[in-house]
Amino acid sequence: MYRTKTCGELRLADAGTTVTLAGWVQRTRKMGGMTFADIRDRYGITQLVFNTEIDADLCERANHLGREYVIQVEGRVNERESKNPNMPTGDIEIIVSRLTVLNASTLPPFTIEDNTDGGDDLRMKYRYLDLRRGAVRRNIELRHKMTMEVRRYLDSKGFLEIETPMLIGSTPEGARDFVVPSRMNPGQFYALPQSPQTLKQLLMVAGMDRYFQIVKCFRDEDLRADRQPEFTQIDCEMSFVTQEDIISTFEGMAKHLFKELRGIELKEDFPRMTWADAMRLYGSDKPDTRFGMEFVELMDVLKGTGEFSVFNEAAYIGGICAKGQAVYTRKQLDQLTEFVKRPQIGAKGLVYARVQEDGSVKSSVDKFYSPEVLGKLKEAMGAEAGDLILILSGADAMKTRKQLCELRLEMGAQMGLRDKNKFSLLWVVDFPMFEWSDEEQRLMATHHPFTHPKDEDIPLLDSDPAAVRADAYDMVCNGVEVGGGSIRIHDPKLQAKMFEILGFTPEKAQQQFGFLMNAFKYGAPPHGGLAYGLDRWVSLFAGLDSIRDCIAFPKNNSGRDVMLDAPSTIDDKQLDELNLTIRKSSEE
Ligand code: ASP
């Protein structure tokens, strides 16, 4: 037996027993005639003691143990003189009587402790060492627990876990596909699934009724902050359901996860907000509702009521009221102005107004407005003495709202209102069916082309498609979209119409989606579903800033696996077999 106990389980009650432990040497230190070493495994850390007076040889060997040596020790569990209340095993130590070095280790490139000296790049290059750190390992453990609870919940609701293929054809969902060349079919390519969307719909046609899968999805996007080219979804689909059925099943799952993994009982139904309200009040389809500070539209109050040309020419003027923040100094306000002017945000400037102790308003545009107008501004904003009003305006209402959204989030952060231990969940519903793409110069599906339009909006499909709302819903927690889905179209005629509006010729629709439209001819049940982002859920529960930290082997921001050094070139033989040639650039 390599071990009789793990490094995390010994307690005072074990004192006097003889045990064998195996693990990694975290560190050693010499104090007088004693050598102390910490031995670590997945379960914890235990202190080892080697005493020259008991066994000088053994102690000498312990002095030569390097960091991350793999060792096995036998010894007696002893009550510690100076206990460490910060460690679960802090009441005991092992007086070692036998030491075996199972494997030596090269000095690791960073210290393997919760607070490491290793920078991001180094930690990713040696991720297998990084994973030895408790701080990272705990996220992986939480991830495991979450998938177990997901399975338990969905199984209890009659869902079947069904695998769908990874090598498929293209499933356009708005992103680029990763493609895999086929050796047996020269010149042809598989695509890796962006999601199993069409396959899960086919499973409904197949009568599987309730499907789920914890599945890798692949999207070849330019990596924005906190995206991974491959990520994991809890993908689900149900037959004979309405939007209400899906929302209640998956709200139930969210509640189950909160209870089992965070000990939080969420009793109330999650609030619902229409997409239109979310955009109007928060400038985002995933509002962070841990705090208020909703937008107030100020067109009536500030457009044409003074000499300020910026407002007079604006298509949208909106403000937020930061409670009690009139104390912001000129310097802080300049910094906020710089913040909104950053290219990623793109506002032209920021107007502010402080409500003074006497209730009067002092603003950066005082000279353009009468005290009455400023009084109306205060009233419209619901501001009181001591409050700070921040205002943005612009020629494009949607863009300006998005800028104001960034400002609101920044103020929320500065005011400490975005507490990681507070969870604010909601459903955003009634998404628009289509959005206009400047790049493609056509309407695109907001969710995906299989989403069902709201019944009452179907007549608008021809006359005013931009006004059509969809039976689509997202679950949002703390400003993060943790899941989303829709009721699907099951009528082949409506599906064909949708492709037409999206600019597909009947031939192209047939070529890309013929398999689905064909299947719909054979009795497709009404169905719908949703996918939760597993990485996002784990990060949220673990309080992580990045989903990278809950993925065992993540990619970096350029989509590289720096540990495996992938992607990489392949040799000529492989290229030949695949019937591929690499185009050389002109410099070469
Ligand atoms: N396939 C969708 C997605 O990946 C989710 C769904 O509609 O079920 O976002």
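Being a predicted model, the structure only gives us computed values, none of them experimental.

Chemist: Looking at this model, I keep getting lost on the packing of aromatic side chains. Mind explaining?
Modeler: The description of an aromatic ring pair rests on the distance of the ring centres and on the angle between the ring planes. A full pass over the atoms with the stated rule returns 18 aromatic pairs. Here Phe311 and Tyr369 contribute two aromatic rings whose centre-to-centre distance is 6.5 Å and whose plane-to-plane angle is 40°, an arrangement assigned as tilted. Placement of the pair is Phe311 in helix H9 (residues 309–312) and Tyr369 in the loop between strand S15 (361–363) and helix H11 (371–381), with a sequence separation of 58 residues. According to the relative accessible area criterion, Phe311 is buried, its value standing at 1%. Pairing Tyr532 with Trp537 gives two aromatic rings, centres 5.1 Å apart and planes at 75°, and the pair type is edge-to-face. Here Arg408 stacks its cationic end above the ring of Phe291, 4.0 Å away from the centre of that ring.

Chemist: Is there a simple way to explain the pattern of salt bridges in this structure?
Modeler: Proximity of charged atoms lets side chains of opposite charge pair with each other. Taken as a whole and judged by the stated rule, the model has 47 salt bridges. With its nearest N and O atoms 3.0 Å apart, the salt bridge here joins Asp288 to Arg418. Placement of Asp288 in the loop between helix H7 (275–282) and strand S12 (296–297) and of Arg418 in the loop between helix H12 (397–414) and strand S17 (425–429) is noted, with a sequence separation of 130 residues between them. When its relative accessible area of 2% is taken as the criterion, Asp288 is described as buried. Owing to a relative accessible area of 32%, Arg418 belongs among the partly exposed residues under this scheme. Salt bridges sharing partners connect three or more residues here, namely Asp120, Arg123, Arg127, Asp130, Arg133 and Arg548.

Conventions adopted
Residues numbered from 1 in each chain as written. Predicted model: local features only at pLDDT ≥ 70, side-chain atom pairs only at ≥ 80, totals over all residues. Heavy atoms only, no water. Phe/Tyr/Trp six-rings, centres within 6.5 Å; stacked < 30°, edge-to-face > 60°. Helix = DSSP H or I, 4+ residues; strand = E, 2+ residues; numbered from the N terminus. Buried < 20%, exposed > 50% of the residue type's maximum accessible area, 1.4 Å probe, protein only. Lys NZ or Arg CZ within 6 Å of the ring centre and 35° of its normal. Salt bridge = Lys/Arg side-chain N within 4 Å of Asp/Glu carboxyl O.

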